[in-house]
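# Understanding the architecture of this molecule
Spelled out from the first residue to the last, the chains are:
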Amino acid sequence: MASTEDVKSESAVTTIVNLAEEAKLAREGVKAPSHALRSVTKSLVAGGVAGGVSRTAVAPLERLKILLQVQNPHSIKYNGTIQGLKYIWKSEGFRGLFKGNGTNCARIIPNSAVKFFSYEEASKGILWLYRRQTRNEAELTPVLRLGAGACAGIIAMSATYPMDMVRGRLTVQTEKSPRQYRGIFHALTTVLREEGPRSLYKGWLPSVIGVIPYVGLNFAVYESLKDWLIKSKALGLVDDNNELGVATRLACGAAAGTVGQTVAYPLDVIRRRMQMAGWKDAASVVTGDGKAKAALEYNGMVDAFRKTVRHEGFGALYKGLVPNSVKVVPSIAIAFVTYEMVKDILGVEMRISD
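Structural notes, computed from the coordinates. Bear in mind that the values here come from a model prediction, so they are computed numbers and not experimental data.

## Quick notes on the nonpolar core
Phe116, Phe219, Tyr222 and Phe336 are the most contacted members of the largest nonpolar core, which has 26 residues in total. Secondary structure elements with two or more residues in this core: helix 1 (2-57), helix 4 (101-134), helix 5 (142-172), helix 7 (204-232), helix 8 (246-276) and helix 11 (321-346). The residues touching Phe219, leaving out its near neighbours within four places in the chain, are Lys115, Phe116, Tyr119, Arg145, Gly149, Ser224 and Phe336. Judged by nonpolar contacts, the second largest core, of 10 residues, contains Ile66, Leu67, Val70 and Tyr78.

Dropping the structure here:
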């Protein structure tokens, strides 16, 4: 009997040990997803903060850019950056400079959050596939970063496009406009009721086509330029910790933004004009006083390009480029640096594994 009891005791002890091990593994299994969720949340928060801070800093230039893009060529109200900003200040006051910024931030915060997070995930996935094909421990190249940035831009743009649509309309309306959208929700519901769900995605195609070089080049130029400066230690810009200073990173972001927006800008103009199409009050909103009616009907992206160039010349594709350039330089730079600083504060690993 004693031996039988010993066997039973050993069996009971073994069972308890096994249960304890299983419980430990279960706890670890719960912790892993929780840790991953916290990491994802922090990454999204950092991207959102970066987008909100950078866009608010350049809100007056963003509004002027859109007004220049869509104004009627027969009724010029905004003629250049300084004159345009002065005109807005004189006619609408300080609040006019930031009109539409609330809607803009409501769009750009989730857009930026999704964009930065998608870029990191796309970079990891693309690098993994590339290493699997080449069978070596390759690093991220500018071309791979371009692909990851393009993926991130497409995902972020598609997820938040309806907000961009109504933001454009809220931005161009003035106190003299016959139709007044009262805010984001009112604009969304009005467009849905009067123009249908598909109208929320007007201009989506040129937006997606434009976002590929724009966001792709932003990330590719910024990350590649940073890596080159760190590895080559060029110009003595690398500190003792093998890191770049804030001013240097701002310069990298400015270079990235300038390259990306110059390539993609014509598509942004066409997107904005297509967003106005179908809005029965668009002509009077664009002219500001309703005296001259603008032809704002397009049968697609190609037709919008053709009519714009035919009626206004090739230069019309770059209307608003100057204030946009002035805006992009600090905006992209601030976004990249803010993102990295917030992630550093939150204690999230920023570097893509390479």
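## Focus: helix 7
Over its 29 residues, helix 7 extends 41 Å from the first C-alpha to the last, a length consistent with the 42 Å expected when each residue adds 1.5 Å. Looking one or two residues beyond helix 7, the residue adopting positive phi is Lys233, at roughly 55 degrees.

## Remarks on the side chain of Asn111
Here Asn111 is to be found in helix 4. Judged by relative accessible area, Asn111 falls into the buried class, the value being 8%. A polar atom in the side chain of Asn111 sits 3.2 Å from the backbone oxygen of Ala156. Excluding its chain neighbours within four sequence positions, the residues that come into contact with Asn111 are Ala156, Met157 and Thr160.

## Details of the packing of aromatic side chains
Aromatic ring pairs are reported here in terms of the distance separating the ring centres and the angle at which the planes meet. Overall, the coordinates contain 11 aromatic pairs when judged by the stated rule. A ring pair is formed by Phe314 and Tyr318, whose centres lie 6.2 Å apart and whose planes are at 50 degrees; its orientation type is tilted. Overall, the relative accessible area of 57% leaves Phe314 in the exposed class. Taken together through their ring pairs, the aromatic side chains of Phe116, Tyr119, Phe219, Tyr222, Phe336 and Tyr339 make up a single cluster.

## Focus: unusual backbone geometry
Keep in mind that most residues, glycine aside, have a negative phi and that most peptide bonds are trans. One non-glycine residue with positive phi stands out, namely Arg135, at about 55 degrees. With respect to the element layout, Arg135 can be found in the loop between helix 4 and helix 5.

## Description of the pattern of salt bridges
Under the counting rule described, the total for this entry stands at 19 salt bridges. Asp268 serves as the salt-bridge partner of Lys65, at 3.0 Å between the closest nitrogen and oxygen. One end of the pair, Lys65, is in helix 2 (residues 59-70); the other, Asp268, is in helix 8, and 203 residues separate them in sequence. For the pair Lys65 and Asp268, a shared accessibility class is recorded, and that class is buried. For the salt bridge of Lys124 with Glu121, the shortest nitrogen-to-oxygen distance reads 3.7 Å. Taken together, the residues span about one helical turn, with Lys124 and Glu121 both in helix 4 at a distance of 3 residues. Judged by relative accessible area, which is 37%, Glu121 ranks as partly exposed. Here the residues in one salt-bridge network are Arg55, Glu62, Lys65, Asp164, Asp268 and Arg271, joined through shared partners.

## What to know about empty space enclosed by the protein
A complete count under the given rule lists 2 cavities of 30 Å³ or more for this structure. Elements represented by at least two residues in the lining of the largest cavity include exactly helix 1, helix 2, helix 4, helix 5, helix 7, helix 8 and helix 11. Top element by residues in the lining of the largest cavity is helix 7. It accounts for 8 residues. Per-class residue counts for the lining of the largest cavity are 17 nonpolar, 11 polar and 11 charged. Put simply, the parts of the chain that give the lining of the second largest cavity at least two residues each are helix 2, helix 4 and helix 5. Here the lining of the second largest cavity gets 4 residues from one element, more than from any other, and that element is helix 2.

Quick notes on the rules
Residues numbered from 1 in each chain as written. Predicted model: local features only at pLDDT ≥ 70, side-chain atom pairs only at ≥ 80, totals over all residues. Heavy atoms only, no water. Core = buried A, V, L, I, M, F, W, Y, C linked by side-chain atoms within 4.5 Å. Buried < 20%, exposed > 50% of the residue type's maximum accessible area, 1.4 Å probe, protein only. Helix = DSSP H or I, 4+ residues; strand = E, 2+ residues; numbered from the N terminus. Contact = heavy atoms within 4.5 Å. Expected span 1.5 Å × (residues − 1). Polar contact = N/O pair within 3.5 Å; in protein donor to acceptor, adjacent residues only side chain to side chain. Phe/Tyr/Trp six-rings, centres within 6.5 Å; stacked < 30°, edge-to-face > 60°. Salt bridge = Lys/Arg side-chain N within 4 Å of Asp/Glu carboxyl O. 1 Å grid on protein atoms, 1.4 Å probe; cavity = no way out; pocket = protein on both sides within 12 Å on 5 of 7 lines; lining within 4 Å. Points joined across faces, edges and corners; volume = space filled by probe spheres on them. Nonpolar A, V, L, I, M, F, W, Y, C, P; charged D, E, K, R; others polar.

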